[in-house]
Amino acid sequence: MEFIDLARKRWSCRTFEQQPVEPEKVARIVEAARVAPAAANRQPVRLAVAKTPEGLAKLAKAADLHGAPLAVVVCADAQRAWRRPCDGMRTDIVDATILADHMMLEAADGGLGSCLICWFDPSIVRRELALPEGLEPVIILVAGYAAERPASPERHNRARIPADELVFASL
Ligand SMILES: Cc1cc2nc3c(=O)[nH]c(=O)nc-3n(C[C@H](O)[C@H](O)[C@H](O)COP(=O)(O)O)c2cc1C
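Here the structure is a predicted model, which means the values were calculated and not measured.

Asker: In this structure, what is going on with the environment of alanine 36? I would like to understand it.
Answerer: Note that alanine 36 resides in the loop between helix 2 (23-34) and strand 1 (45-50). For alanine 36, a relative accessible area of 11% puts it in the buried group. The spatial distance from the C-alpha of alanine 36 to the C-alpha of aspartate 95 is 8.4 Å, given a sequence separation of 59 residues. Among residues more than four places away in sequence, those in contact with alanine 36 are Ile98, Leu99 and His102.

So, in structure tokens, the structure goes:
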């Protein structure tokens, strides 16, 4: 499948089968994260992979996981992140987001549904996962076999702004 077709096919899945995700697919998702780029290659991102009922139950105290059998908490360590010298902007959230996107697209390529979750209580995640000092949960990627009809790959025609609005300047 061409990349653009995979990107169009991916949708935010919020209903999952209870069937676990095979270890090989979980490993490929982690590998997709591992090879993602990071600013100055500082690699400030760490992952917590929840796939046991106990682990998922801990995370479900902080977020609606939509009943997914797999949840990857993408955490960032601000101290490890690159800072832009001219204004000090930290790139840890950007790095974390890129890893999450790599994983989401690998999940789609592996025939899984997935959804990025930012609506969670970070203090509960920190407590339940006993996160080391300095490690901040940024995004939770939930994934599994979809128990809902995939959204149409054509939906972006109406669900996204047109390209000439997205590209506000051509220089
Ligand atoms: C940074 C980010 C955070 C998101 N957080 C949530 C969330 O907390 N809960 C949720 O159900 N969906 C969440 N989503 C999914 C978006 O709502 C979804 O991507 C958007 O509505 C477009 O739909 P689509 O992904 O099916 O194309 C998030 C997406 C992104 C990119």
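The rest of the description comes next.
Asker: Sorry if this is basic, but what is going on with the site of the ligand here?
Answerer: Contacts to the ligand come from Arg10, Trp11, Ser12, Arg14, His66, Cys115, Leu116, Ile117, Cys118, Trp119, Arg155 and Arg160. The backbone of leucine 116 places a nitrogen or oxygen atom 3.1 Å from a nitrogen atom of the ligand. Contact distances for the ligand include 3.1 Å between an oxygen atom and a backbone N or O atom of cysteine 118. If the ligand stood free it would expose 620 Å²; the protein chains cover 59% of that surface. The class makeup of the residues in the shell around the ligand is six nonpolar, two polar and four charged.

Asker: I'm lost on the sheet that holds strand 4 (residues 135-144) in this one. Help?
Answerer: Two strands in a sheet stick together by hydrogen bonds in their backbones, pointing the same way (parallel) or opposite ways (antiparallel). As summarised here, the arrangement of the four strands in space is 1-2-4-3, forming an open sheet in which the pairing is antiparallel. Sheet topology places strand 1 and strand 3 (113-117) at the edges, where each strand pairs with a single neighbour. For this sheet, the mean inter-axis angle between neighbouring strands, taken without regard to orientation, is 20°. Here strand 3 runs beside strand 4; their pairing, made up of five bridges, is antiparallel. The residue of strand 4 that forms the bridge with leucine 116 is leucine 141. Helix-sheet contacts for helix 3 (residues 53-60) involve strand 1, strand 2 (70-77) and strand 4, and the interaxial angle to strand 2 is about 60°. Across the sheet, helix 4 (residues 92-109) is in contact with strand 1, strand 2, strand 3 and strand 4; its angle to strand 4 comes to roughly 10°.

Procedures and definitions
Residues numbered from 1 in each chain as written. Predicted model: local features only at pLDDT ≥ 70, side-chain atom pairs only at ≥ 80, totals over all residues. Heavy atoms only, no water. Helix = DSSP H or I, 4+ residues; strand = E, 2+ residues; numbered from the N terminus. Buried < 20%, exposed > 50% of the residue type's maximum accessible area, 1.4 Å probe, protein only. Contact = heavy atoms within 4.5 Å. Near = heavy atom within 4 Å. Polar contact = N/O pair within 3.5 Å; in protein donor to acceptor, adjacent residues only side chain to side chain. Areas by Shrake-Rupley, 256 points an atom, 1.4 Å probe, with all protein chains shown as cover. Nonpolar A, V, L, I, M, F, W, Y, C, P; charged D, E, K, R; others polar. Pairing = 2+ DSSP bridges. Axes fitted to C-alpha atoms, helices over the stretch in contact; angles between N-to-C directions.

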